[in-house]
Amino acid sequence: MRRLHHGWESRSTRSLALLYEMGLEFELVVHSFLKPLYTEAYRKLSPAGRVPALEDGDLTIFETGAITEYLVTTYPQSGLGRPIGDAEHWQWVQWLHFAETIGQHLATLTQHHVVLRKDWMRSPTVMKYETMRLARTLAVLEEALEGQDYLLASGFSAIDTNVGYSVYGAQRFVRLDALPNVAAYSARLLTRPAFQKALPPEGAERLYLKDFYELPDV
Ligand SMILES: N[C@@H](CCC(=O)N[C@@H](CS)C(=O)NCC(=O)O)C(=O)O
């Protein structure tokens, strides 16, 4: 039995989109962020109490990057990995990890804008600083995407599900007007049926309630 533990609009969207891209069968277990994930039962799957966690037969694995590597290595017929020996292998690995470089700024901004509900809990300094650092990571993608549809010249791969989710979240905090390649990349990913299926269905609990979160005016 293959089972993915997920929270809508969280980083586990990467693993969900990838499972759909690969056409693998799985059971989806959706966790609410309104209840603690750090429970004795769930920590057996993900010791820090985070999503995603994937159960596949005897294996339980957490961390989106690790799940991506696991899936493309175990099911190479998908063609979504770039195995060792492939000319793009190290680039593929690099972007896989860069998804989390973007993701760390996204997580801090999500904490400040969404999770910490009262103004006094938030730090405008951290919010501005992290927005600037997030924008710099998007500028890296802007350059890398010049003249190509996806991050690798050979075309779509699993890293686009990882980086793609980071861009999906990042644009709630950084406007993409000055980043046409990133904006087109994001729009392109949103046309993919797998990515669409990985987004919250009507009525599901959402992490983001606004399309864009403005910086505090202080
Ligand atoms: N680097 C990890 C991050 C996982 C993570 O922190 N997930 C967040 C959602 S984006 C989570 O589960 N948060 C729940 C919590 O901290 O209680 C990954 O990519 O899997």
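In the block above lies the structure referred to throughout.
Owing to the predicted nature of the structure, the values given are computational and were not obtained by experimental measurement.

Asks: Honestly, the pattern of salt bridges in this entry has me stumped. Any pointers?
Replies: Think of it this way: side chains of opposite charge can pair up when their charged atoms draw near. In this structure the tally under the stated criterion is 12 salt bridges. Here Arg3 and Glu55 are joined by a salt bridge, their closest N and O atoms 3.3 Å apart. Taken together, the positions of Arg3 in strand β1 (residues 2-6) and Glu55 in strand β3 (residues 53-56) put the pair 52 residues apart, joining distant regions of the chain. On the basis of relative accessible area, Arg3 is assigned to the partly exposed category, the value being 24%. Classification of Glu55 by relative accessible area gives buried; the value is 16%.

Asks: When you look at the packing of helix α5 (residues 124-144) against helix α7 (residues 180-190) in this model, what are you seeing that I'm missing?
Replies: Packed helix pairs are characterised by how far apart their axes lie and by the angle those axes make with each other. In contact at an axis separation of 7 Å, α5 and α7 are set at 85 degrees when each is read in the N-to-C sense. Considering their axes alone, α5 and α7 lie roughly perpendicular with respect to each other. Contacts from Leu138, Leu141 and Glu142 of α5 reach α7 at Pro180, Asn181 and Val182. Considering only residue class, the contact of α5 with α7 consists of four nonpolar, one polar and one charged.

Asks: Just checking my understanding: could you explain the environment of Glu214 for this structure?
Replies: Mapped onto the secondary structure, Glu214 falls in the segment after α8 (193-197). The spatial distance from the C-alpha of Glu214 to the C-alpha of Val174 is 8.9 Å, given a sequence separation of 40 residues. Discounting chain neighbours no more than four positions away, the residues touching Glu214 are His113 and Arg175. Polar contacts involving the side chain of Glu214 include one to the side chain of Arg175, which spans 2.7 Å.

Asks: Looking at this structure, how should I read the site of the ligand?
Replies: Around the ligand, the neighbouring residues are Ser10, Arg11, Arg14, Leu37, Arg50, Val51, Pro52, Glu63, Thr64 and Glu100. Within the side chain of Arg11, an N or O atom sits 3.2 Å from an oxygen atom of the ligand. Here an oxygen atom of the ligand sits 2.8 Å away from a polar atom, N or O, in the main chain of Val51. Relative to its unbound accessible area of 510 Å², the ligand is 77% covered by the protein chains.

Asks: Sorry, what's going on with the pairing of β1 here?
Replies: Each regular strand displays side chains that alternate between the two surfaces of the sheet. For β1, the buried fraction is high: four of the five residues fall into the buried class. One ladder, built from four bridges, connects β1 with strand β2 (residues 27-30); its direction is parallel. Within β2, the position partnered with His5 by the bridge is Val29. Note that the unit made of β1, helix α1 (residues 12-22) and β2 has a crossover that is right-handed.

Rules of the game
Residues numbered from 1 in each chain as written. Predicted model: local features only at pLDDT ≥ 70, side-chain atom pairs only at ≥ 80, totals over all residues. Heavy atoms only, no water. Salt bridge = Lys/Arg side-chain N within 4 Å of Asp/Glu carboxyl O. Helix = DSSP H or I, 4+ residues; strand = E, 2+ residues; numbered from the N terminus. Buried < 20%, exposed > 50% of the residue type's maximum accessible area, 1.4 Å probe, protein only. Axes fitted to C-alpha atoms, helices over the stretch in contact; angles between N-to-C directions. Parallel < 35°, antiparallel > 145°, perpendicular 65-115°, else oblique. Contact = heavy atoms within 4.5 Å. Nonpolar A, V, L, I, M, F, W, Y, C, P; charged D, E, K, R; others polar. Polar contact = N/O pair within 3.5 Å; in protein donor to acceptor, adjacent residues only side chain to side chain. Near = heavy atom within 4 Å. Areas by Shrake-Rupley, 256 points an atom, 1.4 Å probe, with all protein chains shown as cover. Pairing = 2+ DSSP bridges. Right-handed = clockwise from strand over helix to strand, strands pointing away.

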